[in-house]
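A structural walkthrough
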There are 2 protein chains.
Amino acid sequence: MSKFDKFQGFQVDSPETWNQFHLREFDAKPFGDYDVDIKIECCGVCSSDIHTINGGWGDQHFPLTVGHEIVGRALRVGPKVTLVKEGQRVGVGAQSYSCLDCRQCKNDNETYCAKQLDTYGAVWPDSGVVSQGGYSSQVRTHEHWVFPIPDAIPSYLAAPMLCAGISAYSPLVRNGAGPGKKVAIVGIGGLGHYGVMYAKALGAETWAISRTHSKEEDAMKMGADGFLATSDKDWNEPHKMTFDLVISTANNFGQGFDLSAYLSLLDVHGKWISIGFPEESTLQVKPQDLNPNGCLIGASHLGSRKEMLEMFKLVAEKGVKSWVETVPLSADNLSKTVQRLHKNDVRYRFTMVDYDKVFGA
Amino acid sequence: MSKFDKFQGFQVDSPETWNQFHLREFDAKPFGDYDVDIKIECCGVCSSDIHTINGGWGDQHFPLTVGHEIVGRALRVGPKVTLVKEGQRVGVGAQSYSCLDCRQCKNDNETYCAKQLDTYGAVWPDSGVVSQGGYSSQVRTHEHWVFPIPDAIPSYLAAPMLCAGISAYSPLVRNGAGPGKKVAIVGIGGLGHYGVMYAKALGAETWAISRTHSKEEDAMKMGADGFLATSDKDWNEPHKMTFDLVISTANNFGQGFDLSAYLSLLDVHGKWISIGFPEESTLQVKPQDLNPNGCLIGASHLGSRKEMLEMFKLVAEKGVKSWVETVPLSADNLSKTVQRLHKNDVRYRFTMVDYDKVFGA
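On a predicted model such as this, the values are computed, not experimentally measured, just so you know.

On a plain count of helices and strands, chain A comes out with 11 helices and 18 strands. Its C-alpha atoms give chain A a radius of gyration of 20 Å, near enough to 21 Å, the size a compact globule of 361 residues would have. In chain A, the proportion of contacts linking residues at least 24 apart, taken out of those at least 6 apart, comes to 73%. Of the roughly 14,300 Å² that chain A leaves accessible, carbon and sulfur atoms contribute 47%. Separation of charge centres in chain A, based on 36 positive and 42 negative side chains, amounts to 3 Å.

Throughout the structure, instances matching the rule amount to 28 aromatic pairs over all chains. Taken together, W235(A), F253(A), F257(A), Y262(A) and W272(A) form an aromatic cluster joined through their ring pairs. Residue placement shows K29(A) over the ring face of W124(A); its charged tip is 4.6 Å from the ring centre. Its end group placed over the ring of F243(B), K182(B) keeps NZ or CZ at 4.5 Å from the ring centre.

At the interface, 34 residues of chain B touch 34 residues of chain A. On the chain B side of the interface with chain A, the three residues burying the most area are Y112(B), N291(B) and L296(B), jointly 20% of the side's total. If you look at where chain B meets chain A, you find 2 salt bridges. A salt bridge links R103(B) to D267(A), with the shortest nitrogen-to-oxygen separation between them at 3.0 Å. Counting the contacts that link chain B with chain A gives 12 residue pairs in polar contact (both at pLDDT 80 or more). Going through the elements one at a time, α2 (103-106), β14 (266-274), β15 (283-285), α8 (287-290) and β16 (296-299) of chain B are the ones with two or more residues in the side of chain B that touches chain A. The element contributing the most residues to the side of chain B that touches chain A is β14(B), with 5 residues. Class assignment of the residues belonging to the side of chain B that touches chain A gives a composition of 16 nonpolar, 13 polar and 5 charged. Relative to β15(B), strand β15 (residues 283-285) of chain A runs antiparallel, the two being bridged by 3 bridges.

So, about the packing of helix α4 (residues 164-174) of chain A against helix α5 (residues 190-201) of chain A. Relative placement of two packed helices is described by the angle separating their axes and the distance separating the axes. Residues and elements named next belong to chain A. Where α4 meets α5, the axes come as close as 8 Å, and the angle between the chain directions of the two elements is 45 degrees. Classified by the angle between their axes, α4 and α5 sit oblique to one another. Every pair of crossing elements has a handedness; the one defined by α4 and α5 is right-handed. Mapping the contact onto sequence places A164, G165, S167, A168, Y169 and L172 in α4 and G190, L191, Y194, G195, Y198 and A199 in α5.

What counts and how
- Residues numbered from 1 in each chain as written.
- Chains lettered and ligands numbered in written order.
- Predicted model: local features only at pLDDT ≥ 70, side-chain atom pairs only at ≥ 80, totals over all residues.
- Heavy atoms only, no water.
- Helix = DSSP H or I, 4+ residues; strand = E, 2+ residues; numbered from the N terminus.
- Rg over C-alpha atoms; globule rule 2.2 N^0.38 Å.
- Contact = heavy atoms within 4.5 Å.
- Areas by Shrake-Rupley, 256 points an atom, 1.4 Å probe, with all protein chains shown as cover.
- Lys, Arg positive; Asp, Glu negative; His and termini not counted.
- Charge placed at Lys NZ, Arg CZ, Asp CG, Glu CD.
- Phe/Tyr/Trp six-rings, centres within 6.5 Å; stacked < 30°, edge-to-face > 60°.
- Lys NZ or Arg CZ within 6 Å of the ring centre and 35° of its normal.
- Buried area = accessible area lost by both parts, 1.4 Å probe.
- Salt bridge = Lys/Arg side-chain N within 4 Å of Asp/Glu carboxyl O.
- Polar contact = N/O pair within 3.5 Å; in protein donor to acceptor, adjacent residues only side chain to side chain.
- Nonpolar A, V, L, I, M, F, W, Y, C, P; charged D, E, K, R; others polar.
- Pairing = 2+ DSSP bridges.
- Axes fitted to C-alpha atoms, helices over the stretch in contact; angles between N-to-C directions.
- Parallel < 35°, antiparallel > 145°, perpendicular 65-115°, else oblique.
- Left-handed = near helix turned anticlockwise from the far one by under 90°.

Distances and angles like these do not, on their own, reveal function.
This is how it looks when you write it as structure tokens:
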């Protein structure tokens, strides 16, 4: 008999069969003093899941259960756990470990710790067990990456905030989005819809930028103060050098991606921050696009525990609501859902629900 | 007879004859209420001069006198001038006009004003006169771009600070270089030697980065606390994620330029700021190089009047000394000097001197 506890989850076997899911048992890492066992209630579907299972982000440890926007109940907490109580409703995002001891970790930059591990597909150094994601019965996670969810936020709406939401929230607050600032969100998709809602909730003048006007009505409902379509002639002209911050969710920096036009929007030393995660594109930066305003180009990776808790507080206080389509968990539905997401056929986020019908109450 | 005042200067006629200089008369712009006429004493030789006369930066208004690191005496000041006194020793840098009325100008960002004009090669909107640089008898400049030079700084050492110096100083102070910060200067040339000296004068832990060890001794004399040669195997490994700021003077982003290695040096949200001005290179940024530390890439353009005055104060107080080779002004010497600079055959800056032998005392 295996020395490991067993959980159940829907696994993918290879990039060639990336849209085929199989319900199986898998090994859980040994239960540590700071660990929390969570019975999963629902899980958001993230583009990262697709980049991982289809091989776009390189080699992975198959078979693999993806899913890293997890909400559930704390079933059991380790003897040293202080941040989470048994029975509490909690979330787990895309990161599940860092050293908590280095300069990064001690400065709320644990997402930049060199020893960080992902919620799925990472090898736990002590046991060799490969971490498995949230299309599963349970997840076992160090308390630092287990976040209590305020009662005001329904689980299925909280779930996608644990990766997409925090990825948009962190660069907004780290770059001063708030009253008196003008912020643009480029790309109104899963990430971008959070960008618009959070920028507005934080008090910034918020503009949505999309290729066409097809999502204009939605963006205004999300709270945008203005909308720009890059297919309009000279769309950027009236807004040159007026934005403090541009958050880009673009997933491809190849043909049709006009970095110069976005950078021209920025005020002196304004920032263009990418939170999209292109598979292979390289960003082509012309030095002459940086000089007219001394702008800065950067990227952002998830967000800290501190930011996650602040984000949920803001969401509860301001009544921010994820735009979510729920899908009952099953192998067939996961297959259909990742294929729809791959085609961007969603407004704006999927959450897999009805876990009790698969794994029991 | 021409309606314009005449000055004399050494002009180049075309990119094809970029290293041939001809002493000629040229039109000065009409004398304005805020203008200062400066009798030039010396002028630094800047790479910008070469990029301009050899066509690397595109079409120019030939014939043209370049040179924008000018030191001289204020001969005559306009009726509304308050910042400069007649007889005062002053400098003029690369910029000679902005609107002084827009948000940028009012926030010490006049180098990012949309209406800025260069010291040479720009067309004055009112008169159509093309601005001419400092290999000349005189220059006529709005007082905002005329900077009193502290007595402690010899003219030939002050001159190259007016473009190269300020280009290094501004991004250092704007990005917090000072006590407790670790700063790298990439490329120990004309710009880089100021980067090292200023970063040290500002109190930062200062590292020089060069291709080989050939300039190590010089860099240490300039005040570097440490030196890294990129030709050494794994040169960046011990320094990963430890720098707050990297100032790059690289003049080419093509083959042999390893942006990833430089970005890996940066601490979380650290900045890589380019002050080199490549002629045609495009910076290739891999998104995966931005994610591990959430670093930022940017550029910087000259510096404000406020920074120029601060810089000269620091230079005078700390006794910062430009490393300068002086060359007596003549058509032949200008030709030889721009060719030597084009081959980087200088440690670390040229100043053309002995103007009185050409233009009289």
